[in-house]
Amino acid sequence: MTDQAGTGRTRQLPVFHCPYCGDEELTPHGDGADAWRCGACLRAFTVRLIATGVTG
Ligand SMILES: [Zn+2]
């Protein structure tokens, strides 16, 4: 396994659709590494990865 997820390195997650309205017009919001703003519904939100490879 070469998964780099547990190394503590902060990386901006690719978000392709707004979780609230489904629009694709997302832009980075503020200075948070994981904050996004939706241009359609004007919601700002964060996306946080909490686990990888969880099968249970
Ligand atoms: Zn939206």
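Residues numbered from 1 in each chain as written. Predicted model: local features only at pLDDT ≥ 70, side-chain atom pairs only at ≥ 80, totals over all residues.

Labelled according to an unreviewed UniProt entry, the chain appears under the name Insertion element protein, originating from Blastococcus haudaquaticus.

1. Side note on the environment of valine 15
Along the chain, valine 15 turns up in the segment before β1 (26-28). Classification of valine 15 by C-beta neighbours within 10 Å gives partly exposed; the count is 16. With 11 residues separating them along the chain, valine 15 and leucine 26 place their C-alpha atoms 7.7 Å apart. Apart from residues lying up to four places away in sequence, valine 15 is in contact with Leu26, Trp36 and Val47. (Helix = DSSP H or I, 4+ residues; strand = E, 2+ residues; numbered from the N terminus. Buried ≥ 20, exposed ≤ 12 C-beta atoms within 10 Å, placed from the backbone. Contact = placed C-beta atoms within 7 Å.)

2. Side note on the pairing of strand β2 (residues 35-38)
Side chains of β2 alternate between two faces, with Trp36 and Cys38 buried and Ala35 and Arg37 left unburied. Both β1 and β2 contribute to a ladder of 3 bridges, which runs antiparallel. What sits directly across from proline 28, in β2, is tryptophan 36. Two successive antiparallel strands, β1 and β2, enclose a turn made up of 6 residues, where glycine 30 displays a positive phi of approximately 60 degrees. Across 3 bridges, the pairing between β2 and strand β3 (residues 44-46) is antiparallel. Considered in β3, the bridge of arginine 37 is made with alanine 44. (Pairing = 2+ DSSP bridges.)

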